[in-house]
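Here are the chains, one letter per residue:
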Amino acid sequence: MLDFRMETFLTVCKYMSFTRAAEAMNLTQPAVSQHIKYLETKFDTPLFVRDRKNLTLSPAGEILRSSLESMRNDENTIKKRMKESLAGKKVLTFGVTMTIGEYAILPALARLIKAHPDTDFHVRYRNTKTLLADLYEGNIDFAIVEGYFKADNYQTRVYRTEEYIAVASSRHEFAQPIHCVKDLTAERLLIREPGSGTRAILARALALKNMSVQNFAHIVEVENIHTIVSLLRQDCGISFLYKAAVQQEIADGILRQIPLDDFMLMHDFTFIWNKDSIFSTEYEAVFDELL
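Report on the accompanying structure. (Residues numbered from 1 in each chain as written. Predicted model: local features only at pLDDT ≥ 70, side-chain atom pairs only at ≥ 80, totals over all residues. Heavy atoms only, no water.)

### What to know about the overall build of the protein chain
Each helix and strand counted, the protein chain has eleven helices and eleven strands in total. Principal-axis analysis of the C-alpha atoms places the extent of the protein chain at approximately 65 × 55 × 30 Å. Within the protein chain, the fraction of its 291 residues that count as buried is 47%. Restricting the contact set of the protein chain to residue pairs at least 6 apart, pairs at least 24 apart contribute 74%. Taken together, the 35 basic and 38 acidic charged side chains of the protein chain have centroids lying 4 Å from each other. (Helix = DSSP H or I, 4+ residues; strand = E, 2+ residues; numbered from the N terminus. Buried < 20%, exposed > 50% of the residue type's maximum accessible area, 1.4 Å probe, protein only. Contact = heavy atoms within 4.5 Å. Lys, Arg positive; Asp, Glu negative; His and termini not counted. Charge placed at Lys NZ, Arg CZ, Asp CG, Glu CD.)

### Looking at helix α11 (residues 280–290)
Along an α-helix, a turn takes 3.6 residues, which lines up residues three or four apart on a common side. Of the positions making up α11, those classed as buried are Ser 280, Tyr 283, Val 286, Phe 287 and Leu 290. Angular distribution of buried residues about the axis of α11 spans 120°; they occupy a single face of the element. Buried residues belonging to α11 abut α4 (59–86), β3 (90–96), α6 (106–115), β5 (142–145), β6 (154–169) and β11 (265–274). (Arc of directions from axis to C-beta.)

### Regarding the layout of surface pockets
A probe as big as a water molecule, rolled over the atoms, marks out the empty space that is left. Counted as a void, the largest pocket has a volume near 220 Å³. Residue assignment for the lining of the largest pocket shows that the elements contributing at least two residues are α1 (4–15), α4 and α7 (128–137). With six residues, α4 is the single largest residue contributor to the lining of the largest pocket. (1 Å grid on protein atoms, 1.4 Å probe; cavity = no way out; pocket = protein on both sides within 12 Å on 5 of 7 lines; lining within 4 Å. Points joined across faces, edges and corners; volume = space filled by probe spheres on them.)

### Concerning the nonpolar core
Within soluble globular proteins, side chains that are nonpolar generally end up buried alongside one another. Counting 43 residues, the largest nonpolar core has Leu 184, Ile 238, Phe 240, Ile 258, Leu 260 and Leu 290 as the members making the most contacts within it. Beyond its immediate stretch of four places on either side in the chain, Phe 240 contacts Tyr 164, Ile 165, Ala 166, Val 181, Leu 184, Leu 189, Thr 198, Leu 202, Phe 216, Leu 260 and Phe 263. Residues Phe 9, Val 12, Phe 18 and Leu 57 belong to the second largest nonpolar core, which totals 18 residues. (Core = buried A, V, L, I, M, F, W, Y, C linked by side-chain atoms within 4.5 Å.)

### A look at empty space enclosed by the protein
Per the counting criterion, the structure on display carries two cavities of 30 Å³ or more. In this structure, the largest cavity spans a volume of roughly 70 Å³. Looking at the largest cavity, the residues that line it are Asn 73, Asp 74, Thr 77, Leu 135, Gly 138, Ile 140, Asp 141, Trp 273, Asn 274, Ser 277 and Tyr 283. Every element with two or more residues in the lining of the largest cavity is listed here: α4 and β11. By residue number, the principal contributor to the lining of the largest cavity is α4, which donates three residues. Looking at side-chain class alone, the lining of the largest cavity contains four nonpolar, five polar and two charged residues. Taken as a whole, the second largest cavity encloses approximately 40 Å³ of empty space. The wall of the second largest cavity is formed by Tyr 164, Leu 190, Ile 191, Arg 192, Thr 198, Arg 199, Ile 225, Ile 228, Ser 239, Phe 240 and Leu 241. Those elements that provide at least two residues to the lining of the second largest cavity are β7 (188–191), α8 (197–207), α9 (225–233) and β9 (238–242). The leading source of residues in the lining of the second largest cavity is β9, at three residues. (Nonpolar A, V, L, I, M, F, W, Y, C, P; charged D, E, K, R; others polar.)

### Points about the pattern of salt bridges
When their charged atoms lie close together, side chains carrying opposite charge are able to pair. Going through the model one piece at a time under the given rule, you end up with 17 salt bridges. The salt bridge involving Lys 89 is made with Asp 120; its shortest N-O contact spans 2.9 Å. Of the two residues, Lys 89 sits in the loop between α4 and β3 while Asp 120 sits in strand β4 (residues 119–125), which places them 31 residues apart along the sequence. Accessibility expressed as a relative area gives 37% for Lys 89, which makes it partly exposed. A network of salt bridges, in which partner residues are shared, links Glu 62, Arg 65, Glu 69 and Lys 150. (Salt bridge = Lys/Arg side-chain N within 4 Å of Asp/Glu carboxyl O.)

Written out as structure tokens, the structure is:
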């Protein structure tokens with residue numbers, strides 16, 4: 001088990017505030033300060049950089065935070081597996097983003113399930129932001145995500161690389177010739193919710209052009225990729241998403257890719273787990289089976 005002072009350190013890292021950490025742990029602020037001072041003395045190095053307005057981790061603090069998070073998550077996994085052993089079974093819990101879960105992993109997941117008849121599988125469908133939080137809290141063993149994340153916190157493997165495209169109904173009529181992304185801003189944009197990897201990729205691509213989703217005349221925000229595809233089929237707007245999500249509709253002539261001179265994007269689906277986990281070899285073996 002982690003030393004209680006190390007739990008305090010992780011709580012300060014979560015809030016980047018001694019005051020908020022004290023409130024969350026029902027401690028006094030001097031007690032929190034004392035715990036951090038003990039660790040800084042023990043490791044003979046400052047863990048935080050302090051100024052009047054901000055609290056940030058020192059390089060040594062970053063190393064300690066990453067290591068302790070891995071230890072905490074591995075401890076949670078060990079406890080879970082010990083309980084599972086009493087029932088004579090193994091449980092693998094992992095997360096996938098909506099697009100990956102619905103369009104990219106099903107055949108591989110079926111193979112994995114059939115290859116392990118004595119294992120129970122819990123598959124969580126969440127957006128990228130939520131899956132990263134689940135990994136941080138140790139609620140899942142690993143995840144396959146499509147958005148952006150701080151790679152330093154995880155061990156990663158590229159699952160596959162997919163084309164990210166602009167899409168409209170094959171019968172959609174544009175008010176003007178379309179050559180670049182700015183030509184689409186008069187359209188209604190169908191978009192995933194904040195926290196979605198699909199949305200984050202579009203937001204970053206638009207930012208590189210000094211644009212944002214707010215530049216579009218109207219927005220329809222939907223938390224389900226199937227619904228977005230259905231709305232595209234009904235010609236309710238345009239969207240930007242992975243080609244894998246609409247490949248069949250494009251092949252059938254129901255939807256079409258919007259050709260853009262200034263938009264060509266490939267992005268990875270990434271298999272991730274917590275850095276330095278003692279279960280890394282096991283997770284890599286699962287990754288190999290999913291390929």
